[in-house]
Amino acid sequence: MTWDEASVAERARAFLAEHDPAVMDRLEFLRARFDAGLAWVHFPEGLGGLGAPRGLQAVADRELKGTPDNQPGRIGIGLGMAAPTILAFGTEEQKRRFLRPLWTGEEVWCQLFSEPGAGSDLATLATRAVREGDEWVVDGQKVWTSSAHTARWAILVARTDPDVPKHRGLTYFVCDMHAPGVEVRPLRQITGEAEFNEVFLTGVRLPDSLRLGEVGDGWRVAQTTLMNERVAIGGTPSRRTMMGVVAETWRSRPELRTHDLHQRLLKLWVDSEVMRLTAVRLREQLAAGHPGPEGSGMKLAFARLHQELSGLEVELLREDGLAYDDWTFRRPGTVDFIGREAGYRYLRAKGNSIEGGTSEILRNIIAERVLGLPAEPRADKDVAWKDLPR
Amino acid sequence: MTLLYTEVEEELRAAVRALLADKCSPSALLDRASRTAESGTPYDAELWKALARDIGVAGLLIPEELGGTASREGGASAREAAVVLEELGRAVAPVPFLSSAVLATQALLTAAGQKARGDVAAELLGRLAAGETTAALAVSFAASPYAPPSPVATLGEDGTVTGTVTGVIGAEAADVLLVPVRLARSAKQGTGLCAVEASPAAGEAVRVTPVTSLDLTRPIATVSFDSAAARVVATTDGMEAPWVWEALVRGAGLLASEQLGVAEWCLTTTVAYVKERRQFARPVGSFQAVKHRLADLWLEVVGARAAARNAAARLAEAPAGGPLGDDAAVAVAVAQAHCAAVAVHAAEECVQLHGGIGMTWEHPAHLYLKRAKADQIALGTPGDHRDALAGPADLPAPV
Ligand SMILES: Cc1cc2nc3c(=O)[nH]c(=O)nc-3n(C[C@H](O)[C@H](O)[C@H](O)COP(=O)(O)OP(=O)(O)OC[C@H]3O[C@@H](n4cnc5c(N)ncnc54)[C@H](O)[C@@H]3O)c2cc1C
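Please read all numbers here as calculations on a predicted model, not as lab measurements. (Residues numbered from 1 in each chain as written. Chains lettered and ligands numbered in written order. Predicted model: local features only at pLDDT ≥ 70, side-chain atom pairs only at ≥ 80, totals over all residues. Heavy atoms only, no water.)

Examining the interface of chain A and chain B
If you look at the interface, chain A gives 44 residues, while chain B gives 40 residues. Together, the buried faces of chain A and chain B total about 3,800 Å²; carbon and sulfur atoms form 69% of this surface. With a closest N to O distance of 3.3 Å, A:Arg251 and B:Asp394 form a salt bridge. Linking chain A to chain B there are 16 residue pairs in polar contact (both at pLDDT 80 or more). Where the side of chain A that touches chain B is concerned, the elements lending two or more residues are α7 (241–252), α8 (259–287), α9 (295–317) and α11 (359–370) of chain A. (Contact = heavy atoms within 4.5 Å. Buried area = accessible area lost by both parts, 1.4 Å probe. Salt bridge = Lys/Arg side-chain N within 4 Å of Asp/Glu carboxyl O. Polar contact = N/O pair within 3.5 Å; in protein donor to acceptor, adjacent residues only side chain to side chain. Helix = DSSP H or I, 4+ residues; strand = E, 2+ residues; numbered from the N terminus.)

Here we look at the site of the ligand
The ligand sits among 19 residues. The nearest are A:Ser120, A:Trp144, A:Thr358, A:Glu360 and B:Gln288. Here a nitrogen atom of the ligand and a backbone polar atom of A:Gln111 are 2.8 Å apart. Here an oxygen atom of the ligand sits 2.6 Å away from a polar atom, N or O, in the side chain of A:Ser120. Coverage of the ligand by the protein chains reaches 68% of its 970 Å² of free accessible surface. Residue assignment for the shell around the ligand shows that the elements contributing at least two residues are β3 (135–146) and α11 of chain A. Considering only residue class, the shell around the ligand consists of 6 nonpolar, 10 polar and 3 charged. (Near = heavy atom within 4 Å. Areas by Shrake-Rupley, 256 points an atom, 1.4 Å probe, with all protein chains shown as cover. Nonpolar A, V, L, I, M, F, W, Y, C, P; charged D, E, K, R; others polar.)

Examining the UniProt feature "domain: Acyl-CoA oxidase/dehydrogenase middle" (unreviewed entry) in chain A
The residues that UniProt annotates with the feature "domain: Acyl-CoA oxidase/dehydrogenase middle" (unreviewed entry) are residues 110–194 of chain A. Overall, residues 110–194 of chain A shows 0% helix and 47% strand. The separation of its end C-alpha atoms is 14 Å. (UniProt positions renumbered as here; feature names shortened; annotations may be inferred.)

A look at the packing of aromatic side chains
Centre distance and the angle of the planes are the two values used to describe a pair of aromatic rings. Applying the stated rule across the entire model yields 13 aromatic pairs over all chains. Centre to centre, the rings of A:Trp40 and A:Phe43 are 4.3 Å apart; their planes meet at 35 degrees, and the pair counts as tilted. Looking at A:Trp40, the relative accessible area reads 6%, which means it is buried. Look at A:Phe43 and you get buried, because its relative accessible area is 5%. Relative to B:Phe287, the ring of B:Phe280 lies with its centre 6.1 Å away and its plane at 80 degrees, an arrangement referred to as edge-to-face. B:Phe287 sits in the partly exposed class, given a relative accessible area of 23%. By the ring-pair criterion, three or more aromatic residues cluster together here, those being A:Phe34, A:Trp40, A:Phe43 and A:Trp103. (Phe/Tyr/Trp six-rings, centres within 6.5 Å; stacked < 30°, edge-to-face > 60°. Buried < 20%, exposed > 50% of the residue type's maximum accessible area, 1.4 Å probe, protein only.)

Details of helix α10 (residues 342–349) of chain A
All names here are of chain A. Counting buried residues along α10, 6 of its 8 residues qualify, which places the element largely inside the surrounding structure. Along α10, the positions that sit buried rather than exposed are Ala342, Gly343, Tyr344, Arg345, Arg348 and Ala349. Looking at the buried positions of α10, the neighbouring elements they touch are α7 and α9.

Some points on the packing of α8(A) against helix α11 (residues 382–389) of chain B
Their axes nearest at 9 Å, the elements α8(A) and α11(B) cross at an angle of 85 degrees. The orientation of α8(A) relative to α11(B) falls into the category roughly perpendicular. In contact with A:Gln263, A:Leu266, A:Lys267, A:Trp269 and A:Val270 of α8(A), α11(B) contributes B:Arg386, B:Asp387 and B:Leu389. Grouping the constituent residues of the contact of α8(A) with α11(B) by class yields 4 nonpolar, 1 polar and 3 charged. (Axes fitted to C-alpha atoms, helices over the stretch in contact; angles between N-to-C directions. Parallel < 35°, antiparallel > 145°, perpendicular 65-115°, else oblique.)

Encoded structure:
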């Protein structure tokens with residue numbers, strides 16, 4: 001059937017009539033919501049969706065507002081990166097195994113991409129996966145792995161053929177974070193806490209059924225993940241509340257106001273309004289079936305706005321800006337921009353232009369793919385990975 | 001409401017763009033600019049005639065019943081006018097669209113909406129819509145909607161206008177000058193809007209003196225009236241002149257689309273140039289220092305399009321002649337605060353990334369820089385528009 005606003009809303013209301021969140025167990029409710037196709041309506045039926053247009057998700061969310069949610073902040077990597085990749089490249093069996101507990105938050109995911117020697121140039125990564133019968137044996141080291149300490153599963157890219165150029169010798173896997181040989185060590189970051197980790201993989205054995213996509217096709221699969229990652233980071237509407245937080249401080253502390261800060265704050269208010277309108281226009285383009293290149297810029301714009309706003313807030317606070325809420329070493333499962341104080345927001349926002357592709361890399365992408373400017377000359381294209389200078 | 005372009009808007013754009021490509025090439029503009037730098041007006045009367053009469057752009061904001069094409073039911077609106085301005089900005093076309101079809105027209109529409117002397121306004125609007133007559137609003141182009149100037153001309157007891165207005169755009173091209181006036185007729189205070197015909201017959205009574213302007217393609221002039229015969233279009237008892245405010249604020253909202261057009265031309269032209277131009281055995285556009293600047297500029301232009309479209313859409317929803325709502329006023333201020341700066345940045349990058357050629361009179365980049373910089377001052381600076389947002393955004397200034 002073809003879905004529209006009315007029929008999705010109807011579906012959601014019918015679901016609520018059958019499932020009363022007030023009396024149901026939270027997890028049972030979420031599982032039932034998934035089974036009713038109201039998790040992500042654009043996914044296929046049976047996999048949490050209805051095969052409806054993506055834009056109709058807002059209708060489902062609106063109708064189910066106030067019911068238990070799956071704590072999207074805690075499972076962002078699963079929702080934003082793992083799920084779309086599994087949907088695009090997974091086998092039927094993999095989709096059925098992973099998507100439901102991913103969406104309900106029963107299983108947290110992490111992303112084992114970055115390595116000490118491979119960040120922006122992800123395709124140089126060195127973690128090896130060697131085939132032994134029906135299994136792969138993985139050895140290597142990953143870094144900056146957010147949520148590895150709470151994750152049940154990981155998406156992993158590893159090198160399966162060192163004799164071909166770097167983009168061609170990669171394969172994409174789902175990694176069992178409970179498998180022997182997986183060791184997670186916290187990495188304390190500038191905020192004092194440890195959201196991310198180092199992950200050491202030593203003789204980790206993964207069955208071939210955990211491979212996602214073809215052997216040697218890992219780069220293409222990873223592209224899907226990375227594209228979705230940028231949308232997930234730049235496009236989440238709730239992020240805009242940073243403007244709201246700073247505005248609140250401004251309103252409640254008139255004694256802190258100065259003319260200089262007023263000018264800068266108004267400029268950032270305009271910037272956030274322009275960003276909102278750009279996102280509105282992008283959504284309209286998507287709904288009309290003409291995706292525009294605007295999406296490529298959203299994460300870039302978001303990072304800059306977040307950083308400028310959080311920096312201004314600390315300055316506005318003067319003496320209070322000299323204090324920090326808490327340096328205790330902790331290992332949180334989420335990023336809490338709004339719950340923590342100005343100093344934390346300022347420091348954590350620095351990551352927005354690094355995580356999920358740096359702003360420099362995004363500018364390269366816009367310049368080359370949107371504006372069509374020539375790529376820089378490169379020496380690594382036709383050289384086998386094992387012969388690259390390191 | 002949508003921020004996308006409709007099919008009708010795209011057709012209008014195509015027609016305007018084709019005409020401009022034919023009649024208003026960069027080299028023709030440069031020729032004209034060189035000639036006018038020494039003497040004369042840069043206005044291209046023939047081009048304006050074709051735009052106003054053949055394509056009908058002069059009547060886009062004028063309601064159907066007054067001879068234009070604007071209507072609530074699918075006719076033209078501020079959205080179409082905005083698309084025309086995008087194209088005119090992209091070509092820095094020397095035509096009085098903004099001065100006549102937007103500013104003067106809007107002042108008349110507001111006056112007509114005040115009913116009192118709607119007949120004069122209606123008659124003038126009819127002439128404007130037909131593209132037969134061109135008008136100018138005798139108010140400084142630098143006036144901010146948030147501090148509208150009080151009238152500097154006076155309407156005498158004998159029905160003639162006297163006074164001098166500086167910084168007026170579109171005056172040399174105008175057949176009719178619309179002058180905000182102070183009423184000197186009675187003891188009571190009041191202001192009005194007068195129409196003065198600027199035909200040669202007016203002789204010394206109406207003088208339009210061009211000023212050497214920063215913007216070569218849209219000059220300013222000083223307009224003097226010395227007991228000039230006038231018709232009263234509207235009057236009000238107070239000192240607030242709604243026609244001036246409405247013209248300035250709506251003009252500011254639409255100016256954002258012109259600025260978008262200027263910025264787009266600068267970006268596209270610069271991208272094309274750095275792909276071609278080679279230094280150090282590579283196209284200069286393959287250097288990251290250049291690529292990143294253009295990527296940032298692209299992002300600014302993307303934002304400018306969203307903001308300018310939003311302003312146009314909000315203005316289209318606010319009926320002609322009626323007062324502007326809060327949402328529309330915010331949309332205008334956001335668009336001006338953003339787009340003015342983007343146009344200037346784009347034009348400055350255009351000059352810089354063209355290197356030496358960008359600094360020459362032969363390359364059209366300077367025409368865009370001059371237009372962008374003048375537009376930044378026009379109808380409120382970005383700072384004026386940001387200040388105006390303090391109230392609606394509930395971000396009060398320090399006391
Ligand atoms: C908070 C946070 C969470 C993260 N979570 C995860 C995670 O869960 N899983 C995961 O796999 N990774 C994660 N990352 C890693 C992140 O993806 C990388 O840090 C990022 O891609 C950059 O790589 P790098 O740190 O090695 O920097 P490098 O690539 O070494 O870059 C160093 C500097 O050089 C610049 N640079 C590099 N190449 C170019 C170029 N071609 N042109 C111009 N400039 C260039 C960069 O922009 C940067 O400024 C996280 C990072 C952060 C900050």
